[in-house]
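# Structural overview for review
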Amino acid sequence: MVEWVSSFTAKDLIFLLKAMMITLQLFGSALGLGLIVGFFAGIMRTYPRSVVVRKLASFYIEFFRSTPIMLQVIVFYFGISLFGLELSRGVVAAAGLSLYAGAYLGEILRAGIESVDRRQWQAAASLGMSYPQIMRGVILPQVVKICIPPSINFLVSLAKATSLVSVLGYIELTRAGRLIVERTYQPFLVWGIVMAIYFLICYPITIGGRRLEMRFQRKEVR
Amino acid sequence: MAEMVRIEKVHKYFGKLHVLRDVSLKVEKSSVVTIIGPSGSGKSTLLRCINYLEKIDSGEIWVDGKLVDPKVSNIRALRQEIGFVFQSFNLFPHLTAMNNVALALRKVKRLSRAQALEMAEDSLARVGLDDKLDSYPDELSGGQQQRVAIARSLAMTPKLMLLDEITSALDPELIAEVLNVIQRVATEGMTMVIVTHEMGFAKEIASQIAFMCSGDILEMAPPKELLAQPQTKECEKFVKAVLQ
Amino acid sequence: MGYTFYFDVPIRSLPFLLKGTITTLQISAVASSCGLLIAIGGATARMSKNKIVYSLATAYVEVIRNTPLLVQLYFLYFGLPSLGLNFDANTTAMVGLSISAGGYLTEIVRAGIEAIHKTQIEAALSLGMSNVQVFLFVKLPQAIRKVLFPIGNQFIMTVLASAIAAMISAEELTHKAMILESRTFRSLEIFTVTIFIYFALSQALYALLRLIGRLYLKRKYEFVKTLPPSL
């Protein structure tokens, strides 16, 4: 019987690093798409003129925040094939994750918009400004600053969520790790390295987010 | 000893900061001493040393003949004789006014539930809040909260009351109700040491006013004297500025 | 779109999926309880003045929060047998989820304790209460009130995160769904029904949490869902 176990070599390390690049790409695409989706979700969630629009957005946000991300990605993957679209797994993965990101970022945006004092709306409206004008000129500029710290916190969750697309067989860092472990039987070494790589991606973001929050609070106290 | 409180040559440091410099003070029984002075002069710290919330580095503090030192006296027993009212966050937010007062009666004085509740009711009635027994602190105004805090301390039948700037965090219109209660307690013969910014009140209620500056008591005299004829430069400056 | 939906498959297999749901809840309950125990120790360590204890606890929390749960589970699933610990998949999932929950709960518990204002403790001591009495009657009640909702929220997050344990063959809901899929190939319908089961579950749990909050706190509080999630 031939033992198909080989040792962990530099080649494997390079494979992991390449997979890390895929993870980062995935993260970037999901984030980009998620920001767009989230923006619309947040705006719709706070749209004052239509209860239907608000409830639709509300359901979307609720749903994607109350269900497992892994299943969201799986359902999206199988759902997409319904439309006969020949999309690469990477695109499907990014799109699936962007629905997750859009829900959370949309909620962050909603909280930001609702935190603006009512009186600013009233002041702008009495100047004769329309809803889009008020949003663009008064509300959103303020809201952007408010939304940045919680968004940074969310980035870490998104980075970790990329690991879940491995269930689709898509080769990113986690899947790569699994392939190598199954071949080399060195779980602690391989998973240790994988965890370290994720840590090196996420921890700086975590720290950056905290520093921003502190700077934010200091500005508020004046 | 006719003194309730005797502070002798007390020094205290916070790290390198010499917060209390050779402070000595006597408080006669049934008298009211108010401590005034600029911020950072050590007034609150001195008060907190009396019931051992802060530890002194040298010197002695005696309360009713007992030394405030865990090696010599039972601090917990001593604290039952001393009522302390704080500037803010006084009351336990998870308990009603009644239970705030009754808690220590039950757990420290080990009264029965019925006894504790009865005493609590009495105490709250004394401060004019017998209609707020079941209210939670966040349902009460600042002045009402402080009155509950005073009731809580009074219910323990202390021999000495220490009040640390109890009206400083209140809106102006709520200060009077608290001061009225304190006035009444004082006339009933309670020994009190009060740290306050309320000069008018200090003048009225105090047997003696002590002026503290930079960790030392520079002057102590009956109100009329101290305010009319301050002996030290710093005191003069302070009195002039405050009585504008 | 030439596809006919056959929802009869997952609907007929609901009892099968329900068994998985029960396992999901069991795993989550055990994981949350153990996580809470870990968290009490962790929170104490995070408030300790001892540098070593503090650093170890901080490292634990940061590693858990900055690495994906799936990788943590793989780490245990592939690694523990090589140490001679051959747990079944469900147990491994419980261990992994406990450690993960513990990391998040540590910060929740610590925040609850540190939020108690110093004056509260001083007021209690000034009344002559002993340290034990201060802890039992002032610190603990306030801490519980502050952490009740966050801990409940974390439990629901654990229920959702347990789906990941399907990847290490834990017999919870998602895994059952995967088995069903491999037998009937009705992937879309099965996973859609499954995801809605999770949705219903989390909504029900949130309603329960709000109810508990209202009863225990005896006041009407507006519960806002908190970010971030755990993964």
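Shown above is the structure to which this text applies.
The text that follows walks through the structure, step by step, so that each part is easy to find. Just so we're clear, the structure is a prediction, and the values are computed from it rather than from any experiment.

## Describing the overall build of chain B
- Looking only at helices and strands, chain B has nine helices and 10 strands in total.
- Relative to the 2.2 N^0.38 estimate, which gives 18 Å for 244 residues, the radius of gyration of chain B is 18 Å and therefore close to what a compact globule would have.
- Summarising its shape, the C-alpha atoms of chain B cover approximately 55 × 45 × 35 Å along the three principal directions.
- A buried classification covers 47% of the 244 residues belonging to chain B.
- Residue pairs in contact within chain B that sit at least 24 positions apart in sequence constitute 64% of those at least 6 positions apart.

## Remarks on the interface of chain A and chain C
- Taken together, the contact pairs 38 residues of chain A with 33 residues of chain C.
- Of all the secondary-structure elements, those providing two or more residues to the side of chain A that touches chain C are helix H3 (69-82), helix H6 (131-161), helix H7 (173-184) and helix H8 (187-221) of chain A.
- The class makeup of the residues in the side of chain A that touches chain C is 26 nonpolar, 10 polar and two charged.

## Re the pairing of strand S10 (residues 216-221) of chain B
Residue and element names in this part refer to chain B.
- Note: strand S9 (residues 208-213) against S10, five bridges, orientation antiparallel. Paired with Cys-213 across the two strands is Asp-216, which belongs to S10.
- Between S9 and the antiparallel strand that follows it, S10, lie two residues; Ser-214 among them carries a positive phi value of about 50 degrees.

## Things to note about the interface of chain C and chain B
- Each side of the interface is counted separately: chain C has 17 residues, and chain B has 18 residues.
- Broken down by secondary-structure element, the contributors of at least two residues to the side of chain C that touches chain B are helix H6 (118-126) and helix H7 (131-161) of chain C.
- When grouped by side-chain class, the residues that make up the side of chain C that touches chain B number seven nonpolar, eight polar and two charged.

## Quick look at the sheet that holds S10(B)
All names here are of chain B.
- If you walk across this open sheet you meet the six strands as S6-S7-S8-S3-S9-S10, and the pairing is mixed. The sheet is open, and its two edges are formed by strand S6 (82-85) and S10, each paired on a single side. Each adjacent strand pair in this sheet contributes to an overall mean axis angle of 15 degrees, direction not counted.
- Note that S6 and strand S7 (residues 160-164) share four bridges and pair parallel. From the neighbouring strand, Ile-82 faces S7, where its bridge partner is Leu-160.

## Here we look at the sheet that holds strand S2 (residues 17-28) of chain B
Residue and element names in this part refer to chain B.
- Spatially, S2-S1-S4-S5 is the arrangement adopted by the four strands of the open sheet, whose pairing is antiparallel. The two strands at the open ends of the sheet, each matched to only one other strand, are S2 and strand S5 (66-67).
- Pairing analysis gives eight bridges linking strand S1 (residues 3-14) to S2, with the strands arranged antiparallel. Of the residues in S2, the one forming a bridge with Val-5 is Val-27.

## Some remarks on the environment of Ile175(B)
Residues and elements named next belong to chain B.
- Its location among the elements puts Ile-175 in helix H6 (residues 172-187).
- For the pair Ile-175 and Val-19, spaced 156 residues apart in sequence, the C-alpha separation works out to 29 Å.
- If we skip the residues at most four places from it in the chain, Ile-175 touches Thr-167, Leu-170 and Glu-198.

## A short note on H6(A)
Residue and element names in this part refer to chain A.
- A rise of 1.5 Å per residue sets the reference length of H6, with its 31 residues, at 45 Å; its end C-alpha atoms lie only 36 Å apart and thus fall more than 12% short of the reference.
- Maximal helix bending in H6 amounts to about 50 degrees, located at Ile-139; proline Pro-141 follows within four positions.
- Among all positions in H6, only Val-143, Cys-147, Pro-149, Ser-151, Phe-154, Leu-155, Val-156, Ser-157, Leu-158, Ala-159, Lys-160 and Ala-161 are buried.

## Let's talk about the arrangement of the chains
- Ranking the two pairs of chains in contact by number of contacts places chains A and C first.
- The two partners chain A and chain B share no contact, and the minimum distance between any of their C-alpha atoms is 19 Å.

## Quick look at the environment of Cys213(B)
Residues and elements named next belong to chain B.
- Following the sequence through the fold, Cys-213 ends up in strand S9.
- Between the alpha carbons of Cys-213 and Ile-36 there is a distance of 8.7 Å; along the sequence they are 177 residues apart.
- Here Cys-213 is in contact with Gly-37, Pro-38, Ser-41, Leu-218 and Glu-234, once residues within four sequence places are set aside.

## Some points on unusual backbone geometry
All names here are of chain B.
- Of note, the phi angle at Lys-9 is positive, near 50 degrees, even though the residue is not glycine.
- In this structure, Arg-110 is a non-glycine residue whose phi angle is positive, near 60 degrees.
- In this fold, Arg-110 is placed in the loop between helix H3 (97-107) and helix H4 (113-126).
- For Arg-110, a count of 9 C-beta atoms within 10 Å puts it in the exposed group.

## Some points on the packing of helix H5 (residues 89-114) of chain C against H7(C)
Residues and elements named next belong to chain C.
- At a closest axis distance of 9 Å, the pairing of H5 and H7 adopts a crossing angle of 150 degrees. Overall, the two elements H5 and H7 adopt an arrangement that is roughly antiparallel. Classified by chirality, the crossing of H7 by H5 is right-handed. In this structure, H5 contributes Leu-97, Ala-101, Tyr-104, Leu-105, Ile-108, Val-109, Gly-112 and Ile-113 to the contact, and H7 contributes Lys-139, Ala-143, Lys-146, Val-147, Pro-150, Ile-151, Gln-154, Thr-158 and Ala-161.
- Partitioned by chemical class, the residues of the contact of H5 with H7 number 12 nonpolar, three polar and two charged.

Cut-offs and rules
- Numbering of residues starts from 1 in each chain and follows the order in which that chain's sequence is written.
- Chain letters start at A and ligand numbers start at 1, both assigned in the order the entries are written.
- Only residues with pLDDT of at least 70 are given local features in this predicted model, and only at 80 or more are side-chain atom pairs given and counted; all residues enter the totals for whole chains, interfaces and linings.
- A run of H or I in DSSP becomes a helix once it reaches four residues, and a run of E becomes a strand once it reaches two; helices and strands are each numbered from the N terminus.
- Radius of gyration here uses only the C-alpha atoms, and the compact-globule reference equals 2.2 Å multiplied by the residue count raised to the power 0.38.
- Exposure classification rests on a simple neighbour count of other C-beta atoms within 10 Å of a residue's own: a residue reaching 20 or more is buried, one at 12 or fewer is exposed, and one in between is partly exposed. C-beta atoms are placed from the backbone.
- Contact between two residues is assigned whenever their backbone-derived C-beta positions fall within 7 Å.
- Any residue that is not Ala, Val, Leu, Ile, Met, Phe, Trp, Tyr, Cys, Pro, Asp, Glu, Lys or Arg is counted as polar, Gly included; the first ten are nonpolar and the last four charged.
- Strands were regarded as paired on the criterion that DSSP finds at least two bridges between them.
- Inter-axis angles, ranging from 0 to 180 degrees, are taken between N-to-C directions of lines fitted to C-alpha atoms, where helices are fitted over the stretch in contact.
- The span expected for a helix works out to 1.5 Å for each residue beyond the first.
- Throughout, bend refers to the angle between the axes fitted to the seven residues that end at a position and the seven residues that start at it.
- The scheme is simple: roughly parallel for angles under 35 degrees, roughly antiparallel for over 145, roughly perpendicular for 65 to 115, oblique for anything else.
- Rotating anticlockwise by less than a right angle from the far helix to the near helix defines a left-handed crossing, while the corresponding clockwise rotation defines a right-handed one.

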